[in-house]
Amino acid sequence: MTRNHLLLVLLVNALWGFNFIAGKYGTAEFGPMLFITMRFAIVLVLLCLFLRRVPGQMLRIMTIGLMMGVGHYSFMFYGIYLAGSLSSVAITSQLTVPFATLLAIVFLGERIRWPRFLAIVTSFSGVVLIGLAPVGPEHLTALALTSIASLAMAVSTILMRQLQGVSALNLQAWIALYATIAMGTITMILEQPQWQQLALIPLREYWTAAYSAIGATIVGHGLQYHLLQRYSVNSVAPFITLSTLFAIVFGIVLLDDELTSRIIIGGLLTLLGVTIVAIRNARENAPSGLRVPR
């Protein structure tokens with residue numbers, strides 16, 4: 001990989017890492033469900049021209065859209081909203097990789113050897129250790145929600161690998177469409193936003209939803225797709241946990257996040273396990289291997 005492309009890898013992961021900060025501010029300002037609806041609505045407006053019907057695959061695409069929008073993002077950002085430690089949530093979000101591998105074993109007949117098995121056990125052990133860290137009254141709830149979000153993303157990853165001839169932008173646009181409709185409905189039922197109060201929020205505060213939609217999703221995933229067109233998954237997989245490291249640094253610098261010894265040790269175990277699983281999945285071109293959009 002060239003120096004410029006390595007810099008692109010760092011930029012992509014920095015964009016994704018900063019998305020946790022945008023999510024923390026955005027969910028506090030607008031509420032988790034409304035924030036998610038807004039960010040998907042922005043993606044939909046920007047990518048609607050890329051919507052193309054894919055005969056024979058629309059049911060799978062709709063399932064991916066609902067699984068991503070409702071199953072992943074709603075639980076993820078609600079976990080971020082509740083989290084006393086953004087670092088612990090960012091680390092737990094990496095469980096997508098071992099979850100995807102376990103799903104591929106059960107439903108796709110993927111076989112693994114002891115290195116990946118031990119790495120999966122290590123990654124989950126790290127999250128259990130993080131769960132013991134006393135960093136807020138709703139810490140365990142936030143970790144549980146993030147774990148569910150990671151499982152939903154893992155299911156989406158398996159479904160994405162079974163799509164054929166669907167461009168990244170077309171898939172992103174369909175995900176945004178289904179997610180906007182579903183999350184908009186959920187928002188109206190659960191959060192019942194008061195539009196008079198929303199009108200009083202300064203326009204500058206909407207940067208959080210705009211960044212999450214444009215910076216993290218369109219630009220971040222677009223650059224990753226650009227890299228995966230030029231390099232094998234095996235070349236990109238070793239960098240999969242960098243976004244978490246960026247999120248941890250941003251959390252410490254911008255949110256005064258607390259890093260306890262348990263979070264540090266648990267985080268090292270989780271990220272080590274996830275990295276090993278991701279690299280070996282990529283080398284073996286496993287059904288659970290890295291795919292975009294994440």
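Being a predicted model, the structure only gives us computed values, none of them experimental.

Reading the values: rules and limits
- Residues numbered from 1 in each chain as written.
- Predicted model: local features only at pLDDT ≥ 70, side-chain atom pairs only at ≥ 80, totals over all residues.
- Heavy atoms only, no water.
- Helix = DSSP H or I, 4+ residues; strand = E, 2+ residues; numbered from the N terminus.
- Buried < 20%, exposed > 50% of the residue type's maximum accessible area, 1.4 Å probe, protein only.
- Contact = heavy atoms within 4.5 Å.
- Core = buried A, V, L, I, M, F, W, Y, C linked by side-chain atoms within 4.5 Å.
- Axes fitted to C-alpha atoms, helices over the stretch in contact; angles between N-to-C directions.
- Parallel < 35°, antiparallel > 145°, perpendicular 65-115°, else oblique.
- Left-handed = near helix turned anticlockwise from the far one by under 90°.
- Expected span 1.5 Å × (residues − 1).
- Phe/Tyr/Trp six-rings, centres within 6.5 Å; stacked < 30°, edge-to-face > 60°.
- Lys NZ or Arg CZ within 6 Å of the ring centre and 35° of its normal.
- Salt bridge = Lys/Arg side-chain N within 4 Å of Asp/Glu carboxyl O.

J.: Whenever I open this one, the environment of I248 confuses me. Can you help?
T.: Residue position: I248 is located in helix α12 (residues 242–255). With relative accessibility at 13%, the residue I248 sits in the buried group. As a C-alpha pair, I248 and L8 span 240 residues in sequence and 20 Å in three-dimensional space. In this view, I248 contacts S87, I91 and L259; residues no more than four positions away in its chain are not counted.

J.: So what exactly am I meant to see when it comes to the nonpolar core here?
T.: Nonpolar side chains tend toward joint burial in soluble globular proteins. Grouped together as the largest cluster of nonpolar side chains are 47 residues, with contacts concentrated most on F20, I36 and I61. Breaking this core down by element, the ones donating at least two residues are α1 (3–30), α2 (32–47), α3 (58–82), α4 (86–92), α7 (139–161), α8 (168–191) and α10 (207–228). Each residue touching I61, except ones within four places of it in the same chain, is listed here: V54, L163, V166, L171, W174 and Y178. Among the nonpolar cores identified, the runner-up in size contains 12 residues, and V97, V236, I240 and A282 belong to it.

J.: Just to check I follow, could you spell out the packing of α1 against α12 for this structure?
T.: Two quantities define a packed helix pair, namely the angle between the helix axes and the distance between the axes. Close contact between α1 and α12 brings their axes to 8 Å; oriented N to C, the two are set at 45 degrees. Judged on the interaxial angle alone, α12 and α1 are oblique. Two packed elements cross with a definite hand, and for α1 against α12 that hand is right-handed. For the pair formed by α1 and α12, the contact residues are L10, N13, A14, W16, G17, F18, F20, I21, K24 and Y25 on the first element and L242, S243, F246, A247, F250, G251, L254 and L255 on the second.

J.: Is there a simple way to think about α2 in this case?
T.: The terminal C-alpha atoms of α2 lie 23 Å apart, and with 16 residues this matches the ideal 22 Å at 1.5 Å per residue to within 8%. Of all 16 residues in α2, 12 are buried, a share of seventy percent or more. Those residues of α2 that fall on the buried side of the exposure criterion are P32, M33, L34, F35, I36, T37, M38, R39, F40, V43, L44 and L47. Here the buried face of α2 lies against α1, α3, α8, α9 (195–199) and α10.

J.: I keep staring at the packing of aromatic side chains and nothing clicks. Help me out?
T.: Aromatic ring pairs are defined here through the distance separating the ring centres and the angle between the ring planes. In the structure shown here, the tally under the stated rule is 12 aromatic pairs. A centroid spacing of 6.1 Å and a plane angle of 35 degrees characterise the contact between F18 and W207, whose relative ring orientation is tilted. Here F18 is found in helix α1, whereas its partner W207 is found in helix α10, with 189 residues between them in sequence. For F18, a relative accessible area of 22% gives the class partly exposed. Residue class for W207 comes out partly exposed when judged on its relative accessible area of 33%. In this structure an aromatic cluster arises from ring pairing among F18, Y25, W207, Y211, F246 and F250. Just above the ring of F40 sits the side chain of R39; from NZ or CZ to the centre is 4.7 Å. For R39, the ring lying beneath its charged end belongs to Y73, and the centroid distance is 4.5 Å.

J.: Looking at this structure, how should I read the pattern of salt bridges?
T.: This model, assessed by the stated rule, comprises 2 salt bridges. Between E110 and R116 there is a salt bridge, and its shortest N-O distance comes to 2.5 Å. Across the pair, exposure class does not vary: E110 and R116 are buried alike. A salt bridge links R204 to E205; its shortest N-O distance comes to 3.9 Å.

J.: Just to check I follow, could you spell out helix α5 (residues 96–107) for this structure?
T.: The periodicity of an α-helix, 3.6 residues per turn, causes residues three or four positions apart to be oriented the same way. If you check α5, its first and last C-alpha atoms are 16 Å apart, about what 12 residues at 1.5 Å a residue would give, namely 16 Å. Within the span of α5, buried status applies to T96, V97, P98, F99, A100, T101, L103 and A104. The inward-facing, buried residues of α5 abut α6 (114–131), α7 and α13 (261–283). G109 sits one or two residues past α5 and shows a positive phi near 70 degrees.

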